[in-house]
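Descriptive structure summary
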Amino acid sequence: MRSEICRSAARAARTLLSASTRQSSRAFSGRAAAAAAAVSLRGRATSLAAHSRVDPGNASRSWISGLLALPAAAYMLTEQEAHAAELERTFIAIKPDGVQRGLIAEIISRFERKGFKLVAIKIVVPSKDFAQKHYHDLKERPFFNGLCDFLSSGPVIAMVWEGEGVIKYGRKLIGATDPQKSEPGTIRGDLAVVVGRNIIHGSDGPETAKDEISLWFKPDELVSYTSNAEKWVYGSN
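Just so you know, these numbers come straight off a predicted model, no measurement behind them.

Conventions we followed
Residues numbered from 1 in each chain as written. Predicted model: local features only at pLDDT ≥ 70, side-chain atom pairs only at ≥ 80, totals over all residues. Heavy atoms only, no water. Salt bridge = Lys/Arg side-chain N within 4 Å of Asp/Glu carboxyl O. Helix = DSSP H or I, 4+ residues; strand = E, 2+ residues; numbered from the N terminus. Buried < 20%, exposed > 50% of the residue type's maximum accessible area, 1.4 Å probe, protein only. UniProt positions renumbered as here; feature names shortened; annotations may be inferred. Contact = heavy atoms within 4.5 Å. Pairing = 2+ DSSP bridges. Axes fitted to C-alpha atoms, helices over the stretch in contact; angles between N-to-C directions. Parallel < 35°, antiparallel > 145°, perpendicular 65-115°, else oblique. Left-handed = near helix turned anticlockwise from the far one by under 90°. Nonpolar A, V, L, I, M, F, W, Y, C, P; charged D, E, K, R; others polar. Phe/Tyr/Trp six-rings, centres within 6.5 Å; stacked < 30°, edge-to-face > 60°. Lys NZ or Arg CZ within 6 Å of the ring centre and 35° of its normal.

Quick look at the pattern of salt bridges now. A full pass over the atoms with the stated rule returns seven salt bridges. Its salt-bridge partner being Arg-110, residue Glu-106 comes within 2.9 Å of it at the nearest N-O pair. Within this pair, Glu-106 and its partner Arg-110 are both found in helix H7 (residues 104-114), separated by four residues, close to a single helical turn. Linking Lys-117 and Glu-162 is a salt bridge whose minimum nitrogen-to-oxygen distance equals 3.2 Å. Here the residue Lys-117 occupies a position in strand S2 (residues 117-124), and Glu-162 occupies one in strand S3 (residues 156-163), the gap between them amounting to 45 residues. The residues Lys-117 and Glu-162 share a single accessibility class, namely buried. Because the salt bridges share partners, they merge into one network encompassing Arg-89, Lys-117, Glu-162 and Glu-230.

The residues that UniProt annotates with the feature "binding site: ATP" (unreviewed entry) are Lys-95, Phe-143, Arg-171, Thr-177, Arg-188 and Asn-198. Structurally, Phe-143 is set in the loop between helix H8 (128-134) and helix H9 (144-151). Mapping Asn-198 onto the fold places it in the loop between helix H11 (187-191) and strand S4 (200-202). Discounting chain neighbours no more than four positions away, the residues touching Asn-198 are Lys-95, Asp-97, Thr-177, Pro-179, Arg-188 and Ala-192.

On to the sheet that holds S3. The strand order S2-S3-S1-S4 describes an open sheet built from four strands, whose pairing is antiparallel. Taken across any chain shown, the strands that pair with only one partner, and hence form the sheet edges, are S2 and S4. Neighbour-to-neighbour, the strand axes of the sheet open up by a mean angle of 20 degrees, direction not taken into account. As judged from the seven bridges shared by S2 and S3, these two strands associate in the antiparallel manner. When the bridges of S3 are listed, Lys-117 appears paired with Glu-162. In this fold H7 packs onto strand S1 (88-94), S2, S3 and S4, with an angle of close to 10 degrees to the strand it touches most, S3.

Right, let's get into the packing of H7 against helix H10 (residues 166-174). Relative to each other, H7 and H10 sit at 135 degrees, their axes nearing to 11 Å. Overall, the two elements H7 and H10 adopt an arrangement that is oblique. Crossing angle aside, the handedness with which H7 passes H10 is right-handed. Facing H7, whose interface residues are Arg-110, Phe-111 and Lys-114, H10 presents Tyr-169, Gly-170, Leu-173 and Ile-174. Counted by class, the contact of H7 with H10 contains four nonpolar, one polar and two charged residues.

Right, let's talk about the UniProt feature "active site" (unreviewed entry) in the chain for a bit. UniProt records the feature "active site" (unreviewed entry) at His-201, using the numbering of this structure. Along the chain, His-201 falls in strand S4. Its relative accessible area of 15% is what places His-201 among the buried residues. Excluding its chain neighbours within four sequence positions, the residues that come into contact with His-201 are Phe-91, Ile-92, Ala-93, Lys-95, His-134, Ile-174, Arg-188 and Glu-212.

With that out of the way, let us pick up the environment of Ile-104. By secondary structure assignment, the location of Ile-104 is in helix H7. By relative accessible area, which is 26% here, Ile-104 ends up partly exposed. When residues no more than four places from it in sequence are discounted, the contact partners of Ile-104 are Ile-94, Gly-98, Val-99 and Ile-157.

Moving on, we get to the packing of aromatic side chains. Per the stated rule, a full pass over the model turns up five aromatic pairs. An aromatic cluster is defined as three or more aromatic residues linked by ring pairs; in this entry it consists of Phe-111, Phe-116, Trp-161 and Tyr-169. When the ring centre of Tyr-225 is taken as origin, the NZ or CZ atom of Lys-117, which lies over that ring, is 4.7 Å away. The cationic tip of Lys-122 hangs over the ring face of Phe-217; the distance from NZ or CZ to the ring centre is 4.7 Å.

In structure tokens form, the structure reads like this:
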């Protein structure tokens, strides 16, 4: 999960990009701003930070000088790459009832139509022990064992989705835990009837998402790529 610092830096870079597009007289180009943001987010802007600490009055000039020293390849970066630092990831699982009912394509299509990007997916039958790890925060609840038995009763589609606000809005797409309290148009509101068979799970916050993604996926199972649709989802005028 990206830190808030990274997201703030990326937002600043996007502002610079827009400004540089409108004002050609700026000392640096939009691509240079994106490159600077990307490099700083990767931790390679130490020298620029050092200049700022030593002589705050020259911070802007030092930053621009640092841009000029960047490798030529860095200037090929685009606004989309700077924006990538803002995107968050969430864990989504289609439970055994959703798989058995043939709802995989329906559920995936709802996230895709919203504009979110699938970066990891696999089908797995979790063991009871694994299910207990997944639901560890509910171990004191009376329904804990039944919940773990159900999750480990058949195939589960485990996924990681990426996008701006994907954790919060993913929960809106899913609907309330009890399908009968879910709004029409949500996955549970449209496709489920009772809470014990609510077909889908989604992370409820950044820390939960981080923990669940690391539980279900190895780092090399997560794919980073730029979708051709992103400029139509996130583009700014």
